[in-house]
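# Residue-level structural notes
Below, each chain spelled out in residue letters.
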Amino acid sequence: MTTAAPAAPAYVRELARYIPGKSIEDVARDLHLDPKSIVKLASNENPRGPSPGVLAAIAAAAAEATRYPDGNGFALKAALSGRLGVDPAQIVLGNGSNDILELATQAFLRPGDEAIYAQHAFAVYPLATRARGAIGVEVPAKNFGHDLPRMRAAVTPRTRIVFVANPNNPTGTFVAAAELLAFIESIPPEVLLVLDEAYNEYLEPADRCDSVGWVARFPNLLVSRTFSKAHGLAALRIGYGVMNADVADMLNRVRQPFNVNALAQAAALAALADSAYVDASRALNRTGLAQLAAGFAALGLPSLPSHGNFVLVKVGDADQVYQRLLAQGVIVRPVANYGLPEWLRVSVGLGAENERFLAVLATAMGR
Ligand SMILES: Cc1ncc(COP(=O)(O)O)c(C=O)c1O
């Protein structure tokens, strides 16, 4: 009898685990700090907390917690269908939009296939790709953003998926509609193009493109969105994808029957109806980005213009600065794993949180 644990395939053993931002509880425990004194600007969450309407919807749904959720998400899909002008059969709900990204790789990638993504793009693309034994093709960034012509040139007969994050996390870069559309038109129809719009609601309306409308023209286009960011529901894990109904059918075959819980569905339905919350979140974010940019400029630190609810700032020895901030109860995100060892990613918080962060940063930088 052997005592060795069963061996996973090499492509699983070689995966580097996704490292999430530290939680308030982690930091409070490790550093013996009062959780209330800690500022977390590390996971691009909405700092405003859920709206009263969303909290009421969650409480009402909690009363039915002994029941399985609606595995087809009928009510939420109906609401999204009305909002987006697509058939409910074109919508797949996910346990976060992360789930949609995973489902796309599960349905479309075989070992040895290729998926393309940009350098400094969201870390889940390589992870989900490699978890299928597929080959991740990272295309060098241009000015920290996606180099779409170069990504097009990387497409080979083995390419099954191309990922584009718009805006991208962690760089906050953004591709305008005309350039994006030309890129989508150039992608062979047998290649699935996953357009990740997790931060779409933070874009100013004039900057948004008709990505969901494009799905009717491009059966290989999958647009993913989330309720985690501007809608403020990160803890509940709910997102969705809009795609051709045949593609949706494939994702639905590989997803868990009850992948989205009932509280999340009820909360998302309430959040979707509350456009004032999203508008106020966008406005707060705009102010916060300006506050942080001004603070970085005052400290003489380069930062990247961002279209998301976070910003990259160049601090030099980022690991050291990160640790110093942490010791003062301010959590941000190191991005060395994104090939950006001199930068920190800071999520936009409430005004007072941004202010506290900037003050602690000044001290951490010896200014
Ligand atoms: C670009 C991007 N896509 C997708 C996600 C996944 O978010 P969620 O699973 O919470 O929808 C994130 C989360 O940070 C992200 O930054």
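Here's what I pulled together on the structure shown here. (Residues numbered from 1 in each chain as written. Predicted model: local features only at pLDDT ≥ 70, side-chain atom pairs only at ≥ 80, totals over all residues. Heavy atoms only, no water.)

On a plain count of helices and strands, the protein chain comes out with 14 helices and 12 strands. For 367 residues, the compact-globule formula gives about 21 Å, and the C-alpha radius of gyration of the protein chain, at 21 Å, lands near that figure. Dimensions of the protein chain, computed from C-alpha atoms along their principal axes, come out at roughly 65 × 55 × 50 Å. Looking at the protein chain residue by residue over its 367 residues, the buried ones come to 50%. Restricting the contact set of the protein chain to residue pairs at least 6 apart, pairs at least 24 apart contribute 74%. Total accessible area on the protein chain is roughly 16300 Å²; 56% of this is exposed by carbon and sulfur atoms. Averaging the coordinates of the 33 positive side-chain charges in the protein chain and doing the same for the 33 negative ones gives two points 3 Å apart. (Helix = DSSP H or I, 4+ residues; strand = E, 2+ residues; numbered from the N terminus. Rg over C-alpha atoms; globule rule 2.2 N^0.38 Å. Buried < 20%, exposed > 50% of the residue type's maximum accessible area, 1.4 Å probe, protein only. Contact = heavy atoms within 4.5 Å. Areas by Shrake-Rupley, 256 points an atom, 1.4 Å probe, with all protein chains shown as cover. Lys, Arg positive; Asp, Glu negative; His and termini not counted. Charge placed at Lys NZ, Arg CZ, Asp CG, Glu CD.)

Right, let's talk about the site of the ligand for a bit. Close contacts around the ligand come from Gly96, Ser97, Asn98, Phe122, Asn169, Asp196, Ala198, Tyr199, Thr226, Ser228, Lys229 and Arg237, and that covers them all. Between the ligand and the protein, one listed contact pairs an oxygen atom with a backbone N or O atom of Ser97 at 2.7 Å. Contact distances for the ligand include 2.6 Å between a nitrogen atom and a side-chain N or O atom of Asp196. Split into classes, the residues belonging to the shell around the ligand amount to 3 nonpolar, 6 polar and 3 charged. (Near = heavy atom within 4 Å. Polar contact = N/O pair within 3.5 Å; in protein donor to acceptor, adjacent residues only side chain to side chain. Nonpolar A, V, L, I, M, F, W, Y, C, P; charged D, E, K, R; others polar.)

A separate point is the nonpolar core. In this structure, Leu80, Met151, Val162, Leu180, Leu221, Phe227 and Leu233 are the most contacted members of the largest nonpolar core, which totals 75 residues. Setting aside residues up to four positions removed in sequence, Leu233 forms contacts with Val54, Phe227, Ser228, Ile238, Ala267, Ala268 and Ala271. In terms of nonpolar packing, the next biggest core, distinct from the first, is built from 32 residues, Val27, Ala28, Val315 and Val360 among them. (Core = buried A, V, L, I, M, F, W, Y, C linked by side-chain atoms within 4.5 Å.)

With that settled, the discussion passes to unusual backbone geometry. Glycine aside, residues mostly have negative phi, and peptide bonds are mostly found in the trans state. A cis geometry characterises the amide bond from Asn166 onward to Pro167, with omega recorded as -5°. Cis geometry is adopted by the peptide bond preceding Pro170, which originates at Asn169 and carries an omega value of 15°. Along the chain, the position of Pro170 falls in the loop between β5 (159–165) and α8 (177–186). A positive phi is found at His32, a non-glycine position, where the angle reads about 55°. Along the chain, the position of His32 falls in the loop between α2 (24–31) and β1 (39–40). Owing to a relative accessible area of 72%, His32 belongs among the exposed residues under this scheme. Positive phi is not limited to glycine here, since His120 has a value of about 65°. Here His120 lies in the loop between β3 (114–118) and α6 (124–130).

One open sheet holds the 7 strands; their spatial order is β2-β8-β7-β6-β5-β3-β4, and the pairing between them is mixed. Of all the strands in the sheet, the pair left with one neighbour each is β2 (91–94) and β4 (135–139). Geometrically, the sheet is characterised by an average inter-axis angle of 20° between neighbouring strands, direction not taken into account. Pairing analysis gives 5 bridges linking β3 to β4, with the strands arranged parallel. Looking at β4, one finds that Glu114 is bridged to Ile135. Where helix α4 (residues 74–84) meets the sheet, it contacts β2, β7 (221–226) and β8 (239–242), and its direction lies at approximately 125° from that of β2. (Pairing = 2+ DSSP bridges. Axes fitted to C-alpha atoms, helices over the stretch in contact; angles between N-to-C directions.)

Turning to helix α10 (residues 245–254), a few remarks are in order. Of the residues making up α10, those classed as buried are Val247, Ala248 and Leu251. For α10, the angular spread of the buried residues around the axis is 100°, confining them to a single face. Exposed residues on α10 whose side chains face more than 90 degrees from its buried face are Asp246 and Arg253. A distance of 2.8 Å separates the backbone nitrogen of Asp246 from a side-chain oxygen at the start of α10, and that oxygen is part of Asn244. (Arc of directions from axis to C-beta.)

Between helix α3 (residues 52–62) and helix α11 (residues 262–273), the least distance of the axes is 8 Å, while the angle of their chain directions is 150°. In this view, α3 runs roughly antiparallel relative to α11, as classed from their interaxial angle. The two elements α3 and α11 cross, and the hand of that crossing is right-handed. Across the interface between the two elements, Gly53, Val54, Ala57, Ile58, Ala61 and Ala62 of α3 pack against Ala262, Leu263, Ala266, Ala267, Ala270 and Ala271 of α11. Within the contact of α3 with α11, the residues separate by chemical class into 11 nonpolar, 1 polar and no charged. (Parallel < 35°, antiparallel > 145°, perpendicular 65-115°, else oblique. Left-handed = near helix turned anticlockwise from the far one by under 90°.)

Here we come to the side chain of Asn309. Here Asn309 lies in the loop between α12 (275–298) and β9 (310–314). The buried category is assigned to Asn309, whose relative accessible area is 0%. Contact partners of Asn309, with chain neighbours within four places excluded, come to Asn44, Glu45, Tyr199, Tyr202, Asn285, Ser347 and Val348.

Another point: helix α14 (residues 351–364). Between its first and last C-alpha atoms α14 spans 20 Å; for 14 residues at 1.5 Å apiece the expected length is 20 Å, and the two agree. Listed in full, the buried residues belonging to α14 are Asn354, Phe357, Leu358, Val360, Leu361, Ala362 and Ala364. Positive phi appears at Gly366, one or two residues downstream of α14, with a value of about 70°. (Expected span 1.5 Å × (residues − 1).)

Where helix α5 (residues 97–108) meets α10, the closest approach of the two axes is 9 Å, and the angle between their N-to-C directions is 95°. Our classification of the angle between α5 and α10 gives roughly perpendicular. Of the residues in α10, those in contact with Ile100, Leu103, Ala104, Gln106, Ala107 and Phe108 of α5 are Val247, Met250, Leu251 and Val254. For the contact of α5 with α10, the class distribution of residues is 9 nonpolar, 1 polar and no charged.

Keep in mind that these numbers describe shape and distance, not what the molecule does.
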